[in-house]
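Fold and geometry: a report
Here is how the chains run, residue by residue.
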Amino acid sequence: MAASAAAVAVAGAGEVIAIHSLEAWTIQIEEANAAKKLVVIDFTASWCPPCRIIAPIFADLAKKFPHVSFLKVDVDELKPIAEQFSVEAMPTFLFMKEGDVKDRVVGAAKDELTAKLGLHAAA
């Protein structure tokens, strides 16, 4: 398991990393915090139509901002993480840096997501 988690952690520049375990979550967050990287988390659900609509846009943003970590968390698969951040609607995008939540976007709001990403990625 550790080898596969490490392989997931190394991948990711310019792509969205799907988180499927609490261990993978911890690895990604710790690495981003150590590197002082902005982390954008897409809290999603397989049954959510707006989540499916915004997913390719989120993936495109990951390509445009390779210095930012983009994570995807399925709220049904990893409920404790969604609860930790009080996620109540999908999609919810959380912006974190060094362990602190800096901002959030609730809903498939492409323009707001892009604007806040530009703002926080430059900070």
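Anything mentioned here points back to the structure above.
The structure reproduced in this document is the subject of the present report. Position labels on residues start from 1 in each chain and follow its written sequence. Selection of residues for local features in this predicted model requires a pLDDT of at least 70, selection of side-chain atom pairs for listing and counting requires 80 or more, and totals for whole chains, interfaces and linings are taken over all residues. Derived side-chain values reflect all non-hydrogen atoms in the structure, with water molecules and hydrogen atoms excluded from consideration.

As for the state of the cysteines
Cysteine sulfur atoms are paired as a disulfide whenever they fall within 2.5 Å. Here the structure, examined in full by the defined rule, presents 1 disulfide. Between Cys48 and Cys51 runs a disulfide, and the two sulfur atoms are separated by 2.4 Å. Looking along the S-S bond of the Cys48-Cys51 disulfide, the torsion reads about 80°, which is the right-handed sense. Of the residues examined, Cys48 reaches a relative accessible area of 2% and is grouped as buried. Partly exposed describes any residue whose relative accessible area lies between the buried limit of under 20% and the exposed limit of over 50%, with all areas from a 1.4 Å probe on protein chains only and scaled to the type maximum. A relative accessible area of 3% means that Cys51 is categorised as buried.

Concerning the pairing of strand β1 (residues 16-19)
The side chains of a regular strand alternate, first on one face of the sheet and then on the other. Strands are runs of DSSP state E lasting at least two residues, helices are runs of H or I lasting at least four, and both sets are numbered from the N terminus onward. Only one face of β1 is buried: it carries Ile17 and Ile19, and the other face, with Val16 and Ala18, is open. Two strands are said to pair when DSSP picks up at least two bridges between them. Note that β1 and strand β3 (residues 69-74) share 4 bridges and pair parallel. Along β3, the bridge assignment pairs Ile17 with Leu71.

A few points about the pairing of strand β2 (residues 38-44)
With 7 of its 7 residues buried, β2 lies for the most part within the structure. Neither face of β2 is open: one carries Leu38, Val40, Asp42 and Thr44, the other Val39, Ile41 and Phe43, and all of them are buried. By the bridge criterion, 6 bridges tie β2 to strand β4 (residues 92-97) in an arrangement that is antiparallel. In the sheet register, Val39 faces β4, and the bridge partner there is Met96. As paired strands, β2 and β3 are joined by 6 bridges and run parallel to one another. Bridge pairing in β3 places Asp42 opposite Lys72. Convention used here: a crossover is right-handed provided that the path from the first strand, over the helix, to the second strand proceeds clockwise when the strands point away from the viewer. Handedness of the β2-helix α3 (residues 49-64)-β3 crossover: right-handed.

Details of the side chain of Lys97
Looking at the secondary structure, you find Lys97 in strand β4. Note that His is not counted, nor are the chain ends; the positive residues are Lys and Arg, and the negative ones are Asp and Glu. The rule for a salt bridge is simple: a side-chain nitrogen of Lys or Arg has to be within 4 Å of a carboxyl oxygen of Asp or Glu. Despite its burial, Lys97 pairs with no opposite charge, the nearest such side chain being Glu98 at 5.7 Å. Residue contacts follow a heavy-atom distance rule, with two residues in contact if any of their heavy atoms lie within 4.5 Å. With near-sequence residues (within four places) excluded, Lys97 lies in contact with Lys36, Lys37, Leu38, Lys102 and Ala123.

Looking at the sheet that holds β4
With respect to topology, 5 strands assemble into an open sheet ordered β1-β3-β2-β4-β5, the strand pairing being mixed. In this open sheet, the two strands that pair with only one neighbour each are β1 and β5 (100-106). On average, each strand axis in the sheet is inclined to that of its neighbour by 25°, with strand direction left out of account. Pairing of β4 with β5 involves 6 bridges; the strand directions are antiparallel. Bridge pairing in β5 places Thr92 opposite Val106. Axis lines are fitted through C-alpha atoms, for helices just across the contact stretch, and the angle between N-to-C directions can take any value from 0 to 180 degrees. Here α3 sits on the sheet and contacts β1, β2, β3 and β4; the angle it forms with β3, its principal contact strand, is near 160°. Sheet strands touched by helix α5 (residues 110-122): β2, β3, β4 and β5. Its angle to β5, the strand with the most contacts, is close to 160°.

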